[in-house]
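Coordinate inspection notes
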Amino acid sequence: MEWSASVAETELKGEVPRRWAHTQGVARRATEVTKCLGKDADLLVAAATLHDLGYAPRLAATGFHPLDGARFLRDEHRADERLVRLVANHSFALLEAEERGLREELATEFPLLEEPLLLDALVYCDMTTTPDGDRTTAQDRVAEIRSRYGDDSVVGRFIRRAAPEIFASVERMEAALADQPR
């Protein structure tokens, strides 16, 4: 899925450079955790590279980046269904979709994968990477998102609701990484 880096760069680099920096950091993080995923390692890296594609201004049809990015990947690139579903549902997107009145639309078009380790790995990569692509803790990332958007915004309400799930997901992934032979 080498094309994922080219697609992400084309759509994000010039238009939303900070989102591009975050995306590159998330992709780097994904390459560090692939040993836990076996045959799904490439899928994780591709999903990490494309997870915020929907922030590209020309793709922002609904203004909800997981849905916009997934639709673009499905409709324009005929991307692998699992990849599209990962992008659509990354980092507990169903909770934000609910805040936006889009939960049923997201869940119907892009059902959540029943692959907990893969989902946790993508949450881990996304939520331990700053907007500038650096490493951080999930707690600091959630605090940064709340500060940037404000607690009363759609994103603020979502991130407050999702925080316990995010922290649990990151903890599960850290445990999986700790269990790997060195």
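Since the structure is predicted, the reported quantities are computational estimates derived from the model, not experimental observations. (Residues numbered from 1 in each chain as written. Predicted model: local features only at pLDDT ≥ 70, side-chain atom pairs only at ≥ 80, totals over all residues. Heavy atoms only, no water.)

All told, the structure shown has 25 salt bridges when counted by the stated rule. Across the pair D52 and R19 runs a salt bridge, and its minimum N-O distance is 3.1 Å. With D52 in the loop between α3 (41-50) and α4 (65-77) and R19 in helix α2 (residues 17-33), this pair connects stretches of sequence that are 33 residues apart. Residue class for D52 comes out buried when judged on its relative accessible area of 2%. Overall, the relative accessible area of 16% leaves R19 in the buried class. Of the charged contacts in the structure, one is a salt bridge between E115 and R82, with a shortest N-O distance of 2.6 Å. Taken as a pair, E115 in the loop between α7 (103-109) and α8 (116-127) and R82 in helix α5 (residues 81-88) lie far apart in primary sequence, 33 residues in all. Residue R82 is classed as partly exposed on the basis of its relative accessible area, which comes to 25%. (Salt bridge = Lys/Arg side-chain N within 4 Å of Asp/Glu carboxyl O. Helix = DSSP H or I, 4+ residues; strand = E, 2+ residues; numbered from the N terminus. Buried < 20%, exposed > 50% of the residue type's maximum accessible area, 1.4 Å probe, protein only.)

As a further point, take the packing of aromatic side chains. Under the counting rule described, the total for this entry stands at zero aromatic pairs. A cation over an aromatic ring shows up here: R19 above the ring of Y55, its NZ or CZ 3.7 Å from the ring centre. (Phe/Tyr/Trp six-rings, centres within 6.5 Å; stacked < 30°, edge-to-face > 60°. Lys NZ or Arg CZ within 6 Å of the ring centre and 35° of its normal.)

Listed in full, the buried residues belonging to helix α1 (residues 3-12) are S4, V7, A8, E11 and L12. In an axial view of α1, the angular spread of the buried residues amounts to 105°, which keeps them on one side of the axis. Buried residues belonging to α1 abut α2, α3 and α4. (Arc of directions from axis to C-beta. Contact = heavy atoms within 4.5 Å.)

Bringing α2 into the picture now. The terminal C-alpha atoms of α2 lie 25 Å apart, and with 17 residues this matches the ideal 24 Å at 1.5 Å per residue to within 8%. Along α2, the residues that are buried comprise R19, W20, H22, T23, G25, V26, A27, R29, A30 and V33. Residues of α2 that are buried make contact with α1, α3, α8, α9 (138-149) and α10 (154-178). (Expected span 1.5 Å × (residues − 1).)

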